[in-house]
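Residue strings, one per chain:
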Amino acid sequence: YHLLKNKKTTSLTDERINELDTLGFSWVVRDDPEATWNHRYEDLYDYYKDNGDCLVPQRYDLNKRLGTWVNTQRREYKQLKKSLKSSMTPAKIKKLNYINFTWKSSKKRPKNRSLERVRNNVHQEVDLSQQQSQRESQ
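Our subject in this report is the structure included herewith. This is a predicted model, so every value here is computed, not measured.

Let's shift gears to the overall build of the protein chain. Along the protein chain, the regular secondary structure elements total six helices and zero strands. For the protein chain, the proportion of its 138 residues judged to be buried stands at 22%. Within the protein chain, residue pairs in contact and separated by at least 24 positions form 47% of the contacts whose partners lie at least 6 positions apart. Working note: accessible area of the protein chain is about 11300 Å², and carbon and sulfur atoms make up 50% of it.

Have a look at this one:
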């Protein structure tokens, strides 16, 4: 297909292309990298809104690809800073900085940070519920 697109000799005829199109053949092997990046950024933005930071665990159970993606952004940023080949751009850096992206991960971060937040939220809800009950009984 690439040969045909590049005006090179190929055994792929127009008839074969039409037959493959009829069968629903996908000519694109992988998704558009920019669209994929934007999709992961939206996932990270949602995580940021829920957790108040961008410290996604590398093995994040709720979105396994997000933790890996975050680590990749850090690696690409380091590559860029070393003037090596990198997919990181000023526009990506600006978007990530907008949500206070942490460019260096800390190995000392608590492993059950999300669980702690859930527990704190539950305790706050219980306290509010108890306060409400006390007000109603007065």
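Next comes the rest of the write-up.
Take the packing of helix H3 (residues 33–51) against helix H5 (residues 90–98) next. The interhelical angle for the contact between H3 and H5, taken along N-to-C directions, is 15 degrees, at an axis separation of 11 Å. The orientation of H3 relative to H5 falls into the category roughly parallel. Read as a crossing pair, H3 and H5 show a hand that is right-handed. On the side of H3, the interface is formed by Trp37, Asn38, Tyr41, Leu44 and Tyr45, while H5 contributes Lys92, Lys95, Leu96 and Tyr98. Broken down by class, the residue content of the contact of H3 with H5 amounts to six nonpolar, one polar and two charged.

This part is about the packing of aromatic side chains. Tallying each qualifying case throughout the model produces six aromatic pairs. Ring geometry for Trp37 versus Tyr41: centroids 5.6 Å apart, planes at 10 degrees, classification stacked. Taken together, the residues Trp37 and Tyr41, both in helix H3 and four residues apart, mark about one turn of the helix. Overall, Trp37 belongs to the buried group, its relative accessible area being 7%. Aromatic pair Tyr47 and Tyr60: ring centres 5.2 Å apart, planes at 90 degrees, arrangement edge-to-face. Here the residue Tyr47 occupies a position in helix H3, and Tyr60 occupies one in the loop between H3 and helix H4 (64–81), the gap between them amounting to 13 residues.

Right, let's talk about unusual backbone geometry for a bit. Its identity is not glycine, yet Ser83 carries a phi of approximately 60 degrees, on the positive side. Positionally, Ser83 belongs in the loop between H4 and H5. For Ser83, a relative accessible area of 68% corresponds to the exposed category.

Bringing the pattern of salt bridges into the picture now. Counted under the stated rule, the structure contains three salt bridges. Here Asp43 ties to Arg40 by a salt bridge, and the two come within 3.2 Å at their closest N and O atoms. Here the residue Asp43 and the residue Arg40 both occupy positions in helix H3, the gap between them amounting to three residues, near one helical turn. The pair Asp43 / Arg40 is uniform in exposure class, with both members buried. Linking Asp46 and Lys49 is a salt bridge whose minimum nitrogen-to-oxygen distance equals 3.6 Å. Taken together, the residues span about one helical turn, with Asp46 and Lys49 both in helix H3 at a distance of three residues.

The rules we used
Residues numbered from 1 in each chain as written. Predicted model: local features only at pLDDT ≥ 70, side-chain atom pairs only at ≥ 80, totals over all residues. Heavy atoms only, no water. Helix = DSSP H or I, 4+ residues; strand = E, 2+ residues; numbered from the N terminus. Buried < 20%, exposed > 50% of the residue type's maximum accessible area, 1.4 Å probe, protein only. Contact = heavy atoms within 4.5 Å. Areas by Shrake-Rupley, 256 points an atom, 1.4 Å probe, with all protein chains shown as cover. Axes fitted to C-alpha atoms, helices over the stretch in contact; angles between N-to-C directions. Parallel < 35°, antiparallel > 145°, perpendicular 65-115°, else oblique. Left-handed = near helix turned anticlockwise from the far one by under 90°. Nonpolar A, V, L, I, M, F, W, Y, C, P; charged D, E, K, R; others polar. Phe/Tyr/Trp six-rings, centres within 6.5 Å; stacked < 30°, edge-to-face > 60°. Salt bridge = Lys/Arg side-chain N within 4 Å of Asp/Glu carboxyl O.

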